[in-house]
Amino acid sequence: MSWDIVATLAVTFIAVFLFATEKIRMDAVAILVLSSLVLLGQIDTKSALSGFSNSATVTVTAMFVLAAGLQNSGALDSIGGLLAKVKTPWLFILVLCGVNAVISPFVNNTAVVAVLIPIVIAAAQNINLAPSKALIPLSFSSQMAGVCTLIGTSTNLLVNAIAQQQGHPGFGMFEFAPLGIIFLLVGVAYLLITSRFLLPESRLQLEDGEGFGKYVSELKVNKDSVLIGKTVSDSGLMDEFNLFTIAVLRDGERLSTPSHQVLQKHDILLLRGESENLASAREKYGLHHVVYGRRDLDEESFDDLVLTEVMISPTSRWVGGTIPILQQRWNKNATVLGMQRRSRVIRERLRGIRFKMGDILLVTLPREDMVSLRKNKDFIVLSSELVKTERSWRAKFALVVMAAVVATAALDIVPISISSLVGAVAMCIAGCLTADEAYQSIDWKIILVLAGLLPLGEAMANSGAAQFIVDNTLGKVGAFGPLVVLAVLYLLTSTLTEFMSNAGTAVLLTPIAISTAKILGVDASPFIIAVMFAAATSFMTPVGYQTNTMVYGAGGYKFTDFIKIGLPLNLIYWVLAVLLIPIFFPFYP
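Residues numbered from 1 in each chain as written. Predicted model: local features only at pLDDT ≥ 70, side-chain atom pairs only at ≥ 80, totals over all residues. Heavy atoms only, no water.

The name an unreviewed UniProt entry gives the chain is TrkA domain protein, with Mannheimia varigena USDA-ARS-USMARC-1296 as the organism.

This is the structure we're talking about:
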């Protein structure tokens with residue numbers, strides 16, 4: 001084994017480990033991979049920077065802006081009205097999937113789901129359907145529709161770019177649409193049949209006083225609180241309000257055995273419970289919410305504030321930040337009262353917890369600030385109130401621009417990277433969004449991941465690392481024919497995608513797919529399509545795809561809910577891929 005293979009494999013395996021464990025942010029991992037490859041002599045400076053100018057990176061950047069232009073102009077507002085007209089649950093799921101089937105092939109599906117979450121919650125409640133019955137179908141159908149076109153997901157563009165780097169001609173805008181549509185139809189039929197039985201009935205109605213799960217909040221014992229002199233176990237916090245006391249803090253120190261502690265003035269209680277129970281206990285027992293960056297809130301100030309729940313969005317600049325930093329640098333009138341994270345129970349003070357995408361915050365702010373909050377791309381407002389942007393000619397203009405971008409690229413008039421850039425500029429000039437909003441709409445984390453990982457695909461191919469992996473993995477089943485290899489490759493990609501970045505999975509396996517095709521003496525397209533489809537559809541875990549993580553918190557799901565409905569769907573797609581990909585993309589064209 002040569003030094004080049006050893007060095008490239010070492011960087012690759014470390015990257016896989018970091019992606020899977022999330023010990024380091026995925027954009028930081030991508031830059032670390034890029035730097036390591038240069039320092040180890042696997043790529044030169046020109047190749048290292050080529051990812052930033054690659055057509056896939058440019059296209060994904062422009063597509064974020066186009067999606068924001070559609071949203072800001074009000075072009076997507078009619079979706080809420082359409083869903084509100086549906087009166088039966090099964091038809092609601094069908095219409096929801098149909099809406100996704102029209103939008104997600106052309107608009108970044110993360111942006112689509114971010115826009116639709118509050119709309120779906122509101123519309124579902126109007127027909128007495130638990131939002132948990134609709135939010136996983138929202139996420140899944142956006143992924144299903146995304147594989148129907150080249151621009152439907154960033155994964156499609158990334159795989160296509162790596163394939164072109166290695167001599168493959170690449171794919172057209174709608175080249176795999178027939179295959180994608182079959183996958184979509186089968187997936188929608190599966191959701192219509194199973195969502196009723198396999199999805200939980202979690203009714204989340206903030207405006208009726210119920211919140212999106214249990215929050216952890218810090219409440220200080222006031223000087224005239226009736227809890228002074230009582231133990232936590234005798235306080236009634238659990239018996240009357242179902243509030244679990246995680247910790248009692250006194251003079252900055254955490255006390256042991258919190259349930260047996262006799263409470264004193266200025267003690268801080270770390271409580272976990274539903275938002276309305278936290279509010280009731282605060283009023284009854286004379287407690288104050290501990291806030292950061294401003295004075296404590298009193299009861300009178302609550303009368304002038306709106307209580308709302310917001311999710312940290314995938315593009316939020318606050319990912320990695322903390323509540324004290326947020327309070328200091330964000331809206332001075334807004335106050336964070338509690339926090340929840342679906343992946344684990346918070347057991348430490350809130351001030352030290354760094355935000356992750358999908359975290360939900362319980363926030364108070366003046367009613368007049370709600371309009372600006374809804375426009376803020378850092379947060380997704382989880383409210384059952386249907387919010388409409390003021391309609392103008394810009395809504396129609398945005399739709400025309402998006403159609404022109406797709407049409408000119410599909411007809412090979414101009415490359416998609418150029419048409420999407422021109423479309424993004426046109427939306428800014430027309431006022432669909434400002435230049436600042438355009439910059440804020442871009443998920444720079446994704447852009448850095450794409451730009452940082454593209455050279456890894458080149459290094460794997462040029463160093464022989466991809467060939468080495470093939471010889472020692474897929475090559476072992478090569479004797480059984482390309483169909484068996486395709487089945488193994490799809491299953492491997494699908495499994496890795498559930499536990500690490502889909503971009504990382506695509507970069508790792510696309511060179512392997514191409515090298516495998518060369519060994520077998522067949523066309524590489526079937527294997528590339530297998531990687532593309534498997535990496536862009538993740539149904540079994542809430543961490544496998546961004547849209548899954550978003551609905552995980554908003555829907556009040558458990559991790560096992562995704563396994564119950566997602567594992568059978570993954571297996572169905574695996575069977576479909578093995579049967580259909582060779583038909584649409586033959587091994588011997």
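Engineer: Describe the overall build of the chain, naming the residues involved and giving the relevant values.
Structural biologist: A count of helices and strands for the chain gives 25 helices and nine strands. Dimensions of the chain, computed from the C-alpha atoms along their principal axes, are close to 80 × 55 × 45 Å. Classification of the 589 residues of the chain by burial places 60% in the buried group. For the chain, long-range pairs separated by at least 24 residues make up 80% of all intrachain contacts whose partners lie at least 6 apart in sequence. (Helix = DSSP H or I, 4+ residues; strand = E, 2+ residues; numbered from the N terminus. Buried < 20%, exposed > 50% of the residue type's maximum accessible area, 1.4 Å probe, protein only. Contact = heavy atoms within 4.5 Å.)

Engineer: Which residues make up the state of the cysteines, and what values do they have?
Structural biologist: Throughout the structure, instances matching the rule amount to zero disulfides. The cysteine cysteine 97 is free of any disulfide, with cysteine 148 supplying the nearest cysteine sulfur at 12 Å. In this structure cysteine 97 comes out as buried when scored by relative accessible area, which is 1%. No disulfide involves cysteine 428; its sulfur sits 8.5 Å from the nearest other cysteine sulfur, which is in cysteine 432. (Disulfide = S-S within 2.5 Å.)

Engineer: Before we move on, can you summarise the packing of aromatic side chains with the specific residues and values?
Structural biologist: One pass over the full model with this rule turns up 15 aromatic pairs. Centroid distance phenylalanine 171 to phenylalanine 176: 5.9 Å. Interplanar angle 75 degrees. Geometry classified as edge-to-face. Accessibility classification places phenylalanine 171 together with phenylalanine 176 in one group, the buried group. Pairing phenylalanine 527 with phenylalanine 587 gives two aromatic rings, centres 5.7 Å apart and planes at 40 degrees, and the pair type is tilted. Of this pair, phenylalanine 527 sits in helix H23 (residues 525–536) while phenylalanine 587 sits in the segment after helix H25 (559–584); the two residues are 60 residues apart in sequence, bridging distant segments of the chain. (Phe/Tyr/Trp six-rings, centres within 6.5 Å; stacked < 30°, edge-to-face > 60°.)

Engineer: So what's going on with helix H2 (residues 26–39)? Which residues, and what values?
Structural biologist: Here H2 spans 20 Å end to end across 14 residues, near enough to the 20 Å set by a 1.5 Å rise per residue. For H2, the set of buried residues is Asp27, Val29, Ala30, Val33, Leu34 and Leu37. An end-on view of H2 places all buried positions within 160 degrees of arc, on one side of the element. Those residues of H2 that are buried lie in contact with helix H1 (3–21), helix H3 (45–53) and helix H19 (444–463). Just downstream of H2 lies glycine 41, where phi reads positive at about 80 degrees. (Expected span 1.5 Å × (residues − 1). Arc of directions from axis to C-beta.)

Engineer: Any details on the packing of H1 against helix H20 (residues 465–472)? Residues and values, ideally.
Structural biologist: Look at H1 against H20: their axes get within 9 Å of each other, and the N-to-C directions meet at 80 degrees. Between H1 and H20, the angle falls in the class roughly perpendicular. Note on element contacts: H20 touches H1 through Ala465, Phe468 and Ile469, opposite Ile5, Thr8 and Leu9. Of the residues belonging to the contact of H1 with H20, the class tally is five nonpolar, one polar and no charged. (Axes fitted to C-alpha atoms, helices over the stretch in contact; angles between N-to-C directions. Parallel < 35°, antiparallel > 145°, perpendicular 65-115°, else oblique. Nonpolar A, V, L, I, M, F, W, Y, C, P; charged D, E, K, R; others polar.)

Engineer: Kindly report on helix H17 (residues 416–430), identifying the contributing residues and their values.
Structural biologist: For H17, spanning 15 residues, the distance from its first C-alpha to its last is 21 Å, which sits close to the expected 21 Å at 1.5 Å a residue. Three or more residues of H17 are buried, namely Ile416, Ser417, Ser419, Ser420, Gly423, Ala424, Met427 and Ala430. Trailing H17 by a residue or two, glycine 431 shows a phi angle of about 85 degrees, which is positive.

Engineer: Explain the side chain of threonine 153 to me, using residue names and the numbers behind them.
Structural biologist: Checked against the element boundaries, threonine 153 lands in the loop between helix H8 (132–146) and helix H9 (154–165). Other than its neighbours up to four places away in sequence, threonine 153 contacts Asn109, Gly146, Ala536 and Tyr545.

Engineer: Account for the packing of H20 against helix H22 (residues 502–520), with residues named and values stated.
Structural biologist: The description of two helices packed together rests on the angle between their axes and the distance between the axes. Two numbers describe how H20 lies on H22: the axes approach to 9 Å, and their chain directions differ by 65 degrees. Accordingly, the angle class assigned to the pair H20 and H22 is roughly perpendicular. Crossing of H20 against H22: the hand is right-handed. Along the contact surface, H20 presents Ala466, Gln467, Ile469, Val470 and Asp471, while H22 presents Pro511, Ile512, Ser515, Thr516 and Ile519. (Left-handed = near helix turned anticlockwise from the far one by under 90°.)

Engineer: Break down a nonpolar patch on the surface for me, citing the residues and quoting the values.
Structural biologist: Residues Leu411, Ile413, Val414, Ile418, Leu421 and Val422 make up a contiguous nonpolar surface patch of about 530 Å² in total accessible area. Of note, valine 422 is situated in helix H17. (Patch = residues over 30% accessible without salt bridge, like charges linked within 9 Å, V, L, I, M, F, W, Y side chains within 5 Å. Areas by Shrake-Rupley, 256 points an atom, 1.4 Å probe, with all protein chains shown as cover. Salt bridge = Lys/Arg side-chain N within 4 Å of Asp/Glu carboxyl O.)

Engineer: Account for the environment of glycine 320, naming residues and giving values.
Structural biologist: Secondary-structure assignment places glycine 320 in the loop between strand E6 (305–312) and helix H14 (323–329). Sequence-wise, glycine 320 and phenylalanine 355 are 35 residues apart; in three dimensions their C-alpha atoms are separated by 5.0 Å. Among all residues touching glycine 320, those that are not within four sequence positions of it are Arg354 and Phe355.

Engineer: Got a sec to walk through the pattern of salt bridges? Specific residues and values, please.
Structural biologist: This structure, assessed with the given rule, holds eight salt bridges. Across the salt bridge formed by arginine 349 and glutamate 218, the nearest N and O atoms sit 2.7 Å from each other. Of the two residues, arginine 349 is situated in the loop between strand E7 (335–340) and strand E8 (360–366) and glutamate 218 in strand E1 (residues 215–221); the sequence distance between them amounts to 131 residues. Relative accessible area serves as the criterion here: at 1%, glutamate 218 is assigned to the buried category. In this structure, aspartate 378 and arginine 317 form a salt bridge, with 2.8 Å as the shortest nitrogen-oxygen distance.

Engineer: How would you summarise the pairing of E1 if you had to cite specific residues and measurements?
Structural biologist: Put simply, side chains in a regular strand alternate between the two faces of the sheet. Within E1, six of the seven residues are buried, which leaves it mostly tucked inside the rest of the structure. Bridge analysis of E1 against strand E5 (residues 287–289) gives three bridges, and the strand direction is antiparallel. Across the sheet, residue lysine 220 finds its bridge partner in E5, namely histidine 288. (Pairing = 2+ DSSP bridges.)

Engineer: Lay out the environment of glycine 478 in plain terms, naming residues and giving numbers.
Structural biologist: Of note, glycine 478 is situated in the loop between H20 and helix H21 (482–497). Each C-alpha atom of the pair glycine 478 and glutamate 498 lies 25 Å from the other, and the pair is 20 residues apart in sequence. Setting aside residues up to four positions removed in sequence, glycine 478 forms contacts with Val485 and Leu520.

Engineer: Just give me the short version of the environment of leucine 192, but keep the residues and values in it.
Structural biologist: Checked against the element boundaries, leucine 192 lands in helix H10 (residues 177–198). Leucine 192 sits in the partly exposed class, given a relative accessible area of 29%. Along the sequence, leucine 192 and tryptophan 90 sit 102 residues apart, while their C-alpha atoms lie 6.4 Å from each other. Apart from residues no more than four positions distant in its own chain, leucine 192 is found in contact with Trp90, Ile93 and Leu94.

Engineer: So what's going on with unusual backbone geometry? Which residues, and what values?
Structural biologist: Positioned with a positive phi, histidine 266 is a non-glycine residue whose angle comes to about 75 degrees. Its location among the elements puts histidine 266 in the loop between strand E3 (253–254) and strand E4 (268–273). For histidine 266, a relative accessible area of 47% corresponds to the partly exposed category. Of note, the phi angle at aspartate 412 is positive, near 60 degrees, even though the residue is not glycine.

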